[in-house]
Amino acid sequence: MGCCSSASSAAQSSKREWKPLEDRSCTDIPWLLLFILFCVGMGFICGFSIATGAAARLVSGYDSYGNICGQKNTKLEAIPNSGMDHTQRKYVFFLDPCNLDLINRKIKSVALCVAACPRQELKTLSDVQKFAEMNGSALCSYNLKPSEYTTSSKSSVLCPKLPVPASAPIPFFHRCAPVNISCYAKFAEALITFVSDNSVLHRLISGVMTSKEIILGLCLLSLVLSMILMVIIRYISRVLVWILTILVILGSLGGTGVLWWLYAKQRRSPKETITPEQLQIAEDNLRALLIYAISATVFTVILFLIMLVMRKRVALTIALFHVAGKVFIHLPLLVFQPFWTFFALVLFWVYWIMTLLFLGTTGSPVQNEQGFVEFKISGPLQYMWWYHVVGLIWISEFILACQQMTVAGAVVTYYFTRDKRNLPFTPILASVNRLIRYHLGTVAKGSFIITLVKIPRMILMYIHSQLKGKENACARCVLKSCICCLWCLEKCLNYLNQNAYTATAINSTNFCTSAKDAFVILVENALRVATINTVGDFMLFLGKVLIVCSTGLAGIMLLNYQQDYTVWVLPLIIVCLFAFLVAHCFLSIYEMVVDVLFLCFAIDTKYNDGSPGREFYMDKVLMEFVENSRKAMKEAGKGGVADARELKPMASGASSA
């Protein structure tokens, strides 16, 4: 961070010559060493939790007396029922599995090790006794013999709560989990406080479970639509903007019309032949349709107004999308970049969650107030989970930054290679190779800066959620203002980081120098940055809207005409959220390519003028884009002096070409 403050002035930066793809040197090596040291610390946390027996307790499970299921145990001092041989008892069974303590994040129930989970509901103690005699799996406390289940006065305390729900072992974790969704509905009821009528929540969860095949099918549809849109962007980029504009207009009008038609149809449908429960579900769906129809109408009006304002600038995006489409034709592996990033993130998140679960079961056995055993860490080691949380943010940002650097390196290679026939066989793999050999330290530093901003924002958000309803209006306003400012700062730093990675890929400079150079270029081209990013991002947003609307419309039609009377509000929300996330993952790569191309173009026009020895790297299509943007911006603004001044470097470059 110190090198940023000691950086030279913008004027000195402009004098330094850029040498694209010529010199390669390792950048920000101290930050790479720091990141490696941090990852070693993350590995130590995982190793410590495994070495202290947390892995065995997590996977095999343990009872309320500290015994690990499925193995012999040692006696714990002053703990009754500890040190038992549970070799034949491999599953954890909770006497009251639906009693969840949200504050301490655990089930408030006695846990026992049993030989088998009850696969069928047991309604009486006689059924529990018969299950124990037939399967050899005692579901009551160790102090009570199966023959005493129906005769002992302590059975109501030492035996499971009746009726015992049917359960099945969780794969790999040896816990008996209820198979009936009503138990999970109680979990959700405790988590969601805004639902005053618990029956509503039961119907929502039932709707999700009933429509799970449709939900999976629609999620797959959104993935297919996103990939199709990426292919369309590659091959028909010239007409893509107009196609998207027309489809979004038709889709918005059609979706709004269908919602009002369905609302009118369901309102007129006869309700005398259905049961009261089905009538309640039908009324919920009718209310949801009305909300959807009104929201769609408002959204359509706002969308039309925005498109009306920006209609004169669509031509700029057509040319820019065409250049980006040529990049995807030469670099087809860019389309699959979100898959590798998502795969790497999933692998890390699985590791992180597993280690977090290890931390939850590590430590020394301690007897609680009820006389049962809990495992707790004492001393400085109890704060390891803070280090683990920082690791989640930093390493996740590091993986995303690696994607940005990889894409930037590949696009920079494409742009600054004059003869495209001399491109590497796989520019993406060549970019990955340069990243690993030279620029991991730069990526580590950039991702750490984002982490420094993200952590305070998350802490403030946590404080705000804990103080909800308790703080005064002034404190609430200050908290929200700080959260908003940190969010804006994070977005600005993300954009600057992405351009810094591009500058590093071009000139192989360290992070601070690259960030400063990129910032100077962006400030010098502020008006063009605003124009291109606004129009380009809006067009990509229309692509996301198209995918979400198409998936949502298909979901409405399928869920509306299924035979079961279920509430499909929650399934539709899940599907639309997934469709938006998928579309965002794919189209964000396209947005990244456009941003990298623009920075390369701005650098090209700044340091080259088309004269011998200083020829432009850009192709003719991009030069046409310069002319079109200059004309469009002159027409858009009445004050032509400012626009002409802003476009002066590009205009001279165009004429010399």
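Refer to the structure presented above.
Residues numbered from 1 in each chain as written. Predicted model: local features only at pLDDT ≥ 70, side-chain atom pairs only at ≥ 80, totals over all residues. Heavy atoms only, no water.

(A) Structural detail: helix 17 (residues 511-524). With 14 residues, helix 17 ought to run about 20 Å at 1.5 Å a step, and its terminal C-alpha atoms sit 20 Å apart, in line with that. In terms of burial, helix 17 is largely enclosed, as 10 of its 14 residues are buried. Where helix 17 starts, the residue carrying a side-chain oxygen 3.3 Å from the main-chain nitrogen of Cys512 turns out to be Asn510. (Helix = DSSP H or I, 4+ residues; strand = E, 2+ residues; numbered from the N terminus. Expected span 1.5 Å × (residues − 1). Buried < 20%, exposed > 50% of the residue type's maximum accessible area, 1.4 Å probe, protein only. Polar contact = N/O pair within 3.5 Å; in protein donor to acceptor, adjacent residues only side chain to side chain.)

(B) Representation of unusual backbone geometry. A cis geometry characterises the amide bond from Leu162 onward to Pro163, with omega recorded as -10°. Residue placement: Pro163 occurs in the loop between helix 6 (155-158) and strand 5 (167-169). Here the phi dihedral of Asn81 falls at roughly 65°; this positive angle occurs in a residue that is not glycine. Along the chain, Asn81 falls in the loop between helix 4 (54-60) and strand 1 (91-94). Backbone geometry places Ser508, a non-glycine residue, at a positive phi of 60°.

(C) Molecular detail of the side chain of Thr551. Position of Thr551 among the secondary structure elements: in helix 18 (residues 526-560). Of note is the side chain of Thr551, whose polar atom sits 2.8 Å from the backbone oxygen of Ile547. Among all residues touching Thr551, those that are not within four sequence positions of it are Leu218, Leu221, Ser222, Leu225, Val575 and Ala579. (Contact = heavy atoms within 4.5 Å.)

(D) Quick peek at the side chain of Arg434. Within the fold, Arg434 resides in helix 15 (residues 427-466). Of the polar contacts made by the side chain of Arg434, one reaches the backbone oxygen of Gly409; its length is 3.0 Å.

(E) Region of the structure containing the state of the cysteines. Under the definition given, this model contains three disulfides. One disulfide bridge connects Cys140 with Cys159, the sulfur atoms lying 2.0 Å from each other. The disulfide joining Cys140 to Cys159 has a torsion of about 110° about its S-S bond and is therefore right-handed. Note that Cys140 is positioned in the loop between helix 5 (125-135) and helix 6 and Cys159 in the loop between helix 6 and strand 5, a separation of 19 residues in sequence. Cys140 sits in the buried class, given a relative accessible area of 1%. (Disulfide = S-S within 2.5 Å.)

(F) Spotlight on the pairing of strand 8 (residues 373-376). In this sheet, strand 8 lies alongside strand 7 (residues 364-367) in antiparallel orientation, the contact comprising four bridges. Residue Val366 lies in a different strand from strand 8, and its bridge partner there is Glu374. Linkage of strand 7 to strand 8, two consecutive antiparallel strands, is achieved through a turn of five residues, within which Gly371 is found at a positive phi near 90°. (Pairing = 2+ DSSP bridges.)

(G) How the structure looks around the nonpolar core. Ranked by internal contacts, the top residues of the largest apolar core, which has 90 residues, are Leu334 and Val593. Considering every element that reaches this core, the biggest residue donor is helix 19 (residues 569-607), with 18 residues. Aside from chain neighbours lying at most four places away, what touches Val593 is Ala324, Val327, Phe328, Leu334, Val407 and Val411. Core analysis: the next-biggest nonpolar cluster, separate from the first, contains 24 residues, Phe131, Ala132, Leu139 and Tyr149 among them. (Core = buried A, V, L, I, M, F, W, Y, C linked by side-chain atoms within 4.5 Å.)

(H) Broad picture of the packing of aromatic side chains. This model, assessed by the stated rule, comprises 17 aromatic pairs. Between Phe38 and Trp394, the ring centres sit 5.0 Å apart and the planes meet at 55°, which makes this aromatic pair tilted. Linking Phe38 in helix 3 (residues 29-51) with Trp394 in helix 14 (residues 384-415), this pair joins segments that are 356 residues apart in sequence. On the basis of relative accessibility, which here comes to 10%, the residue Phe38 falls in the buried class. A ring pair is formed by Phe339 and Phe586, whose centres lie 5.5 Å apart and whose planes are at 80°; its orientation type is edge-to-face. Taken as a pair, Phe339 in helix 13 (residues 337-361) and Phe586 in helix 19 lie far apart in primary sequence, 247 residues in all. (Phe/Tyr/Trp six-rings, centres within 6.5 Å; stacked < 30°, edge-to-face > 60°.)

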